[in-house]
Structure formats: structure tokens, C-alpha cells
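Residues per chain, in single letters:
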Amino acid sequence: MSAKAIREYDGKLLLAHYLLQSPTLAETKPTPAFAPSQTRLAQVNLSHVSTADPADKIAEAVEAALDRAERQNPWLTSTKLVAKPDQLIKRRGKSGLLLLNAEWPAVKDWIRERAVKEVSVGTISGVLKTFLVEPFVPHPQDVEYYVCIQSHREGDEILFTHEGGIEVGDVDAKALRLAVPIDEPLASSERIASTLLADIASETQRAALSSFIERLYAVYVELNFTYLEINPLVVLETAGAQPQVIFLDLAAKLDQTAEFESGDKWALARRDPAATEGSGPAMEFPAPFGRELSKEEQYIQDLDAKTGASLKLTILNKDGRVWTMVAGGGASVVYSDAIAALGYAHELANYGEYSGAPSETQTYEYAATILDLMTRTP
């Protein structure tokens, strides 16, 4: 398994496309007791722009990206909006990186002020290049929930709290949990409700959430997620209609080694909405906020994605004099710790490992990349 984080934009596209399509793994298969919200997502992507570019070129690229988003999503000009960076940043609201209840002109100004500029989130600094814009959904706080599915060695685990949002607090301490062991079906809707939703008084909300969790887990398994967190998850009741379930904020990871199995499904969900056939672009796995992958790191990541083995490379200091090429994830950590303990952390050039029986060709390419990097500096 190679768990790789994806953008919120892509995670929401996957859920929107497959939420009602994925085959349920529940013991019983009831009709969904909720209505998914209409998916309206606009991405402003400037990943091709560099901070080293001239200021006028950057400004031109920002305007072009904003114009493109408006052309592709006419609803931007007629509704209140939410805007945020989409670069694997946690706690964006607490870091001042969330704009709420704004008109499109204000959103454009907000993005212009931040696009292709460096910001600090905690101790990490990075350049903002990708933004997500969505409709603003007014709602009371008491309909905000938290749900998370994560994979362990023994199986999957579903976590739920009836208090979601920015002040969710210590989830590990307060969440109710439901384990799904390997090769066993998901529990019935009744057991999901009794185990996870006991704190919810509304029968309608409880039924909607139970049904939603069942469908969410079906998507999780079919698309080879390894982690999926929604906070807040909002349920809005409307007289004479099914409750509407809206996932306002989402974080997700996919098993990149499952691309041979699920890659076409991932790409289908990313297809241009105007297209009626064919597939979309392959799934992107962005680097963590504050890091941009070098050409060599990207090459090893691409190799890793094509094998069931594990090939990892992170360049820590390209001018460092201590390079490692270690077989085994555990061994690579021990070697790195030993180098640091001996007083050579400042000289440690890379962290990486190869394991899981990569082929001779893959091992050669990995070694050639390390040796190329190592011999560039005298």
C-alpha cells in the first residue's frame, strides 16, 4: 500500500460521481435515505506558474485562471461562495485561509492577493497555487457532524462524532467507532445507527446519516481509499423531501499502488462535465504543502505508482555528503536516526527506501537516480 493524499477537489469529485453507484457492502441493502447535494466545484489551478516568473506574467496567469473558472462554472456569478487553498493544508480556517459568504468579485480579489505567494501555516511555509471555490451553504451548527474512515492492518474503522466543524476537538478521544474486519461485510444500517449515531435525537437525521455512511463506505472500498475524513458533514432537512447531505470539507488519501485497478474510475470522475464520453485526466497526487517535488522525486514516485513494491525518495539536502540506499522501510528509518545521532544530520542528503521485491529494472532505475544525484556535487 502507498497511501497518497489527493486534493479536496478530486476527493469531492470521486464522491459525487460514485456515492450512489458503488456496490454497497452492507449486510442489508436499503434504499438511500438521503439526497446528495448538487456538486458545484470550481478549481483555480496555477501549478504551472513559478514564483521566479516576472510579476506581469504571474498576474496574467492568475487572470487567465480566474476567467477560465468563470467560463466553466457560470454559477460563480450568481451565488454566495466559499474559497480556500486546495494544497493539503490542515486547519485552513484557523490560519486565515478560508473566505466565507462572498460574491465572486470578492473571491477573485481574495485569490489575487494570495495566488503564487508564499504563506506560513504553523512552522511550514509554501506557495499557494491551487484554490477551490464552492457555493456557500448556510446552516445551523447543530447539524454539523464529523465522519472518518481509515484503514488499519486488521481492517477498516469508521469514526463519527455528532459535533463537527472547526472546533471538533480531540476526535480520537470523543469519536464513536465501528470496526469492519477484513473480508467481512459492513454492519446493517440498524447497527450503524446504534453504534455511531446514538447521540442524534432526530430519527430523520439518524436514518439519513446511517444510509450515507453505508454508501460512503462502498465508495471507500471500491475506489481504494486508505483514508477519508469529512468535517463538517451537514444534513439539511426539507419538508416533503429527503434530507440533503453535504460534505463541506474533505481530506482523503488513495492507495496509489491500486492505480492499475482503480485508475480508470478515478479518471472518469475527473472528466470534464461537458464531455459525454471518454475519460478524464489521471489522478494527481500533489506534494505536501511546503514541498515541490524535484524531477528525480517525481520520477521515483511514478515508478512507485506502477509497482506493488515500495520505492521512496525524498531529497533533504542536495549538497549533503551522506546518501543512503536502504532496503526496507524500517531499516531506512534506523539508518537515518543513526546518522543523525552520530552528528551528521546536517549532511544527510536523502531519505528513501526500496522494499517489497521490486524488479531488477526498477531497482536499477532507483539506484541510477540516487547515484546521479550523489555525484552532481564534488
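Cut-offs applied
Residues numbered from 1 in each chain as written. Predicted model: local features only at pLDDT ≥ 70, side-chain atom pairs only at ≥ 80, totals over all residues. Heavy atoms only, no water. Pairing = 2+ DSSP bridges. Helix = DSSP H or I, 4+ residues; strand = E, 2+ residues; numbered from the N terminus. Axes fitted to C-alpha atoms, helices over the stretch in contact; angles between N-to-C directions. Contact = heavy atoms within 4.5 Å. Buried < 20%, exposed > 50% of the residue type's maximum accessible area, 1.4 Å probe, protein only. Polar contact = N/O pair within 3.5 Å; in protein donor to acceptor, adjacent residues only side chain to side chain. 1 Å grid on protein atoms, 1.4 Å probe; cavity = no way out; pocket = protein on both sides within 12 Å on 5 of 7 lines; lining within 4 Å. Points joined across faces, edges and corners; volume = space filled by probe spheres on them.

Engineer: Now, about the sheet that holds strand β5 (residues 99-102): what can you tell me, with residues and values included?
Structural biologist: The strands making up a sheet associate through hydrogen bonds between their backbones, and the pairing can be parallel or antiparallel. Read from one edge of the open sheet, four strands run β3-β8-β4-β5, paired in antiparallel fashion. Each edge of the open sheet carries a strand with a single partner, namely β3 (42-45) and β5. For this sheet, the mean inter-axis angle between neighbouring strands, taken without regard to orientation, is 20°. Bridge analysis of β3 against strand β8 (residues 130-135) gives four bridges, and the strand direction is antiparallel. In the sheet register, V44 faces β8, and the bridge partner there is F131. Packing of helix α1 (residues 8-18) onto the sheet brings it into contact with β3, β4 (81-85) and β8, and relative to β8 it is tilted by some 45°.

Engineer: Which residues make up the side chain of E8, and what are the values?
Structural biologist: Among the secondary structure elements, E8 is positioned in helix α1. By relative accessible area, which is 3% here, E8 ends up buried. Of the polar contacts made by the side chain of E8, one reaches the side chain of R92; its length is 2.7 Å. In contact with E8, other than residues within four places in its own chain, are K84, D86, R92, L132, E134, L248, D249 and L250.

Engineer: Describe helix α8 (residues 295-305), naming the residues involved and giving the relevant values.
Structural biologist: Listed as buried for α8 are E296, E297, I300, Q301, L303, D304 and A305. On its buried side, α8 packs onto β1 (3-6), α7 (259-269), β15 (310-315) and α10 (360-374).

Engineer: Quick rundown of the environment of G352? Include the residues and the values.
Structural biologist: With respect to the helices, strands and loops of the structure, G352 is situated in strand β16 (residues 350-355). A C-alpha to C-alpha distance of 8.5 Å links G352 and I315, two positions 37 residues apart in sequence.

Engineer: Explain unusual backbone geometry to me, using residue names and the numbers behind them.
Structural biologist: One can expect most non-glycine residues to show negative phi and most peptide bonds to be in trans. With omega at 5°, the peptide bond leading from N231 into P232 counts as cis. Positionally, P232 belongs in strand β12 (residues 225-236). A positive phi angle, near 65°, is found at D183, a position not held by glycine. Among the structural elements, D183 can be located in the loop between β11 (176-181) and α5 (189-196). One non-glycine residue, A357, lies in positive phi territory at about 60°. Looking at the element boundaries, A357 is found in the loop between β16 and α10. Classification of A357 by relative accessible area gives exposed; the value is 72%.

Engineer: An account of the layout of surface pockets is needed here, citing residue identities and associated values.
Structural biologist: Here the second largest pocket is characterised by a volume of approximately 840 Å³. For the second largest pocket, the lining is made up of 27 residues, of which Y9, R270, R271, D272 and P273 are closest to its centre. Sorting the residues of the lining of the second largest pocket by element identifies α1, β3, α2 (55-72) and α7 as the ones contributing at least two each. Considering each element in turn, the lining of the second largest pocket owes the most residues, five residues, to α1.

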